[in-house]
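Chains, contacts and geometry: an overview
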Amino acid sequence: MPGSREEYEYWNRLASKFDDGSIYVVGPAIYQDVKKWLTNQFKDMSMVLELGCGTGYFSQMITDRVKHLIATDMSQEMLERAKEKLGQYNNVEVRKDDCYGTSFENNMFDAILLVNLLHIVKEPNTVLNESYRVLKPGGRLVIVDLTGHGMPFFSKMGLGIRYVRTWGKPAPYNHSLNPTELSKTVKEAGFVIEDVKLVGRKTKAICLNAKKVK
Ligand SMILES: C[S@@+](CC[C@H](N)C(=O)[O-])C[C@H]1O[C@@H](n2cnc3c(N)ncnc32)[C@H](O)[C@@H]1O
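Each chain has its residues counted from 1, following the order in which its sequence is written. A pLDDT threshold of at least 70 governs which residues receive local features in this predicted model, and a stricter bar of 80 or more applies before side-chain atom pairs are shown or counted, although totals over entire chains, interfaces and linings include all residues. The side-chain quantities take in all heavy atoms of the structure and omit both hydrogens and water.

In a regular helix each residue adds 1.5 Å, so 13 residues correspond to 18 Å; helix α3 (residues 29-41) covers 19 Å between its end C-alpha atoms and thus fits that length. Relative accessibility under 20% of the residue-type maximum defines a buried residue, over 50% an exposed one, and the middle range a partly exposed one, all with a 1.4 Å probe and only protein chains included. Only DSSP runs of H or I reaching four residues or more are called helices, and only runs of E reaching two or more are called strands; each is numbered from the N terminus. Listing the buried residues of α3 in full gives Ile30, Tyr31, Asp33, Val34, Trp37, Leu38, Thr39 and Gln41. Take the residue count of a helix, subtract one, and multiply by 1.5 Å to get its expected span.

Quick look at the structure:
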């Protein structure tokens, strides 16, 4: 089941304002906290695939930590921005692909990166199954997902107001995840969880690292 036309149009519409808009909505601090955690997950990785890379904002954080990164997204407008950002790196390819069923063979990658993808797709389990299929045995699944979980009430309300002001209605399948629920879905896809934590001061993100054992 590929992403729908409604989702495609939604993400295309946001692309030109996505980086500035997102920083305004969630605040710059969480990006720094995530960067610190994320860069530590990628040491000497050879082949890395990112699904739902958007404008390439997080892809850029790991370009010097991996031999080869393929950054993919279904939205053409997002990919145009990602190409502008990532075009300068010889070890990065930007490609159109659908996270429900990618064009890659089994067991190809040392790591898969999913940032802010699982809370906006209709079927997170399908995306995790696809990630499992294309990962090598021993490969890593690295997830970062912004969440309302653990946020103080007034911070959450403020974020909601800034979101609606900036983007209008939420993404078609938007739903906030919590670490327990996400860990369960990741385990059900066959992964073994190595690390899961909430990072951030006011705004929070779930950061999870899991392994494909066989
Ligand atoms: C919330 S944005 C996150 C973008 C980026 N990872 C970030 O955190 O800045 C979600 C991204 O997932 C992409 N996306 C949604 N459904 C998808 C699908 N079925 N296949 C591939 N990409 C998809 C959207 O186009 C959008 O760029």
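Our focus in this paragraph is the pairing of strand β1 (residues 45-51). With 5 of its 7 residues buried, β1 lies for the most part within the structure. As judged from the 4 bridges shared by β1 and strand β4 (residues 109-115), these two strands associate in the parallel manner. Across the sheet, Glu50 pairs through a bridge with Leu113, a residue of β4. For two strands to be treated as a pair, DSSP must find at least two bridges joining them.

Only the contacting stretch of a helix is used when fitting its axis, a line to C-alpha atoms as for every element, and angles between N-to-C directions run 0 to 180 degrees. Here helix α1 (residues 5-14) crosses helix α5 (residues 76-86) at 40 degrees, and the two axes come no closer than 7 Å. Residues Tyr8, Trp11, Asn12 and Leu14 of α1 lie in contact with α5, whose contacting residues are Gln76, Glu77 and Met78. A class-by-class count of the residues in the contact of α1 with α5 yields 4 nonpolar, 2 polar and 1 charged. By definition in these notes, contact holds between two residues if any of their heavy atoms fall within 4.5 Å. Three classes are used: nonpolar for Ala, Val, Leu, Ile, Met, Phe, Trp, Tyr, Cys and Pro, charged for Asp, Glu, Lys and Arg, and polar for all others, with Gly counted as polar.

Time to look at the pattern of salt bridges. In the sections that follow, a salt bridge refers to a side-chain nitrogen of Lys or Arg positioned within 4 Å of a carboxyl oxygen of Asp or Glu. One pass over the structure, following the stated rule, counts 10 salt bridges. The residue Glu93 makes a salt bridge to Arg95 at a minimum N-O spacing of 3.1 Å. Overall, Arg95 belongs to the partly exposed group, its relative accessible area being 31%. Ionic pairing is found between Glu130 and Arg133, a salt bridge with its closest N-O pair at 2.7 Å. Taken together, the residues Glu130 and Arg133, both in helix α6 (residues 124-134) and 3 residues apart, mark about one turn of the helix. You can call Glu130 buried: its relative accessible area is 8%.

Another aspect to go through is the packing of aromatic side chains. A pair of Phe, Tyr and Trp rings is counted when the ring centres sit within 6.5 Å of each other, with Trp represented by its six-membered ring. The angle between the planes then sorts it: under 30 degrees is stacked, over 60 is edge-to-face, the rest tilted. According to the stated counting rule, one finds 9 aromatic pairs in the structure shown. Taking 5.8 Å as the distance between ring centres and 25 degrees as the angle between the ring planes, the aromatic pair formed by Phe18 and Trp167 counts as stacked. Linking Phe18 in helix α2 (residues 18-26) with Trp167 in helix α7 (residues 153-167), this pair joins segments that are 149 residues apart in sequence. For Trp167, a relative accessible area of 6% corresponds to the buried category. Three or more aromatic residues joined by ring pairs make a cluster, and in this case those are Tyr10, Trp11, Phe18 and Trp167. For a ring to carry a charge above it, either NZ of a lysine or CZ of an arginine must fall within 6 Å of the ring centroid while also lying within 35 degrees of the normal to the ring plane. The ring of Tyr132 has Lys212 lying over it, and the distance from NZ or CZ to the ring centre is 4.7 Å.

Take the nonpolar core next. Side-chain atoms within 4.5 Å link the members of a nonpolar core, which is a set of buried Ala, Val, Leu, Ile, Met, Phe, Trp, Tyr and Cys residues. Ranked by size, the top nonpolar core spans 68 residues in total, and within it Leu38, Phe42, Leu114 and Leu141 carry the most contacts. Looking at which element gives the most residues to this core, the answer is β4, with 6 residues.

Our working definition of a disulfide is a cysteine sulfur pair at a distance within 2.5 Å. Under the defined criterion, the tally for this structure stands at 0 disulfides. Cys99 takes part in no disulfide bond, and the closest cysteine sulfur to it belongs to Cys53, at a distance of 11 Å. Relative accessible area serves as the criterion here: at 12%, Cys99 is assigned to the buried category. Looking at Cys207, it has no disulfide partner, and the nearest cysteine sulfur is the one in Cys53, 18 Å off. On the basis of relative accessible area, Cys207 is assigned to the buried category, the value being 0%.

Taken together, 19 residues form the shell around the ligand, and within it Gly52, Asp73, Cys99, Val115 and Asn116 come nearest. We call two N or O atoms a polar contact when they sit within 3.5 Å, provided that within protein one can donate a hydrogen and the other can accept it, with sequence-adjacent residues counted only if both atoms are side-chain atoms. Between the ligand and the protein, one listed contact pairs a nitrogen atom with a backbone N or O atom of Val115 at 2.8 Å. Here an oxygen atom of the ligand and a side-chain polar atom of Asn116 are 3.0 Å apart. Taken by itself the ligand offers 600 Å² of open surface, and the protein chains cover 97% of this. To be near a molecule or strand, a residue needs just one of its heavy atoms within 4 Å of it. Here the Shrake-Rupley method, with its probe set to 1.4 Å, supplies the accessible areas, and only the displayed protein chains count as covering residues.

Here the focus is α1. Of all the residues in α1, the buried ones are Glu7, Tyr10, Trp11, Asn12 and Leu14. Packing partners of the buried residues in α1 comprise α2, α5 and α7.

By themselves, these are just geometric observations and shouldn't be taken as functional.
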